[in-house]
Amino acid sequence: MDIIRINQHKQAFDDIMHYINGEDDKEQVEVWFARELQTVLGYARWENFLVAISRAVESCKMQNVNVDDHFREVTKMVTLGSGSQREITDFMLTRYACYLIAQNGDPKKEEVAFAQGYFALQTRRAELIAEHLEQLSRLETRERLRTSEKQLSRNIYERGVDDKGFGRIRSKGDTALFGGYTTEDMKKRLGIKSTRPLADFLPTLTIAAKNLATEMTNYNVEQKDLQGENSITQEHIQNNISVRKMLGQRGIHPENLPAAEDIKKVERRVTNNEKQIEKTSPKLPKETDDKANDTNN
């Protein structure tokens, strides 16, 4: 997601932020209303959005957080086509509630992906939101690679290849992807300890490339019912060569890309940010006017 799109999304979320007085009028609490959030998150139907809200409430309970501190059912007056008005149900939400909704929303929606970063940070600076989103993307891509490699391990085990064979297959795939550099060569090239996985220090693009080649191998192993280490090795090598060729056509040589930050450090930082959300998100006061349209923007 480029900085232009990030700024566009940021403005949309900023525009629907409201303030209410906190306990004893000592602080101003940022709140959002679910009906407005629904639109900004790209949900056409309220019923579908309610599913994400319900999941968020359950997630709040599972973390032993008081739901009433962050989710408040309110009513709102809306004007119908005939000019008459009627009341509808809405929810007043804290930043923490919005974060949980984003976590339980449709991850395929760009708006939902952005919201996870927007509500996870206290700051509203676009560049810091962009950095957080990049970190989330790298973590998600790394997890997809773990999943596809586990699937490959299961597939080849069923076809007569043991763990050592799996290691050899994966290593030869790396050699093909990195233009002749073995896994150990790349670790030395990037200054990585031999005991750590290479993928933990690769940039998101290279992790995604490895995952694509592995997914292709999984697909063809199953579709062609490949058997034995030799045939699966050749398949994996060819898939990595194909991915390398595709990158090369765009002027990208994965062996020349610099190492990225240790993904364990990224994971700890993201996890710490997420743990702080509930602590730093002001809670709803015990009593508020239940009319949503009485809240000032």
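Now for a look at the structure at hand. Everything numeric here is computed off the predicted structure, so don't read it as measured data.

### Details of the pairing of strand β4 (residues 85-93)
Here two bridges tie strand β2 (residues 28-33) to β4, and the two strands are oriented antiparallel to one another. The residue bridging Trp-32 from the neighbouring strand is Leu-93, located in β4. In terms of strand pairing, strand β3 (residues 71-79) meets β4 through nine bridges, oriented antiparallel. Looking at the pairing, Val-78 lines up with Arg-86 of β4. Following β3, the chain reverses through five residues before pairing antiparallel with β4; Gly-83 in that reversal takes a positive phi of roughly 95°.

### So, the state of the cysteines
As enumerated under the stated definition, the model contains zero disulfides in all. Summary of cysteine pairing: Cys-98 is not part of a disulfide, and the nearest cysteine sulfur, belonging to Cys-60, is at 12 Å.

### Notes on the pairing of β2
Relative to β2, strand β1 (residues 18-21) is paired through four bridges, and the arrangement is antiparallel. From the neighbouring strand, Ile-20 faces β2, where its bridge partner is Val-29.

Calculation criteria
- Residues numbered from 1 in each chain as written.
- Predicted model: local features only at pLDDT ≥ 70, side-chain atom pairs only at ≥ 80, totals over all residues.
- Heavy atoms only, no water.
- Pairing = 2+ DSSP bridges.
- Helix = DSSP H or I, 4+ residues; strand = E, 2+ residues; numbered from the N terminus.
- Disulfide = S-S within 2.5 Å.

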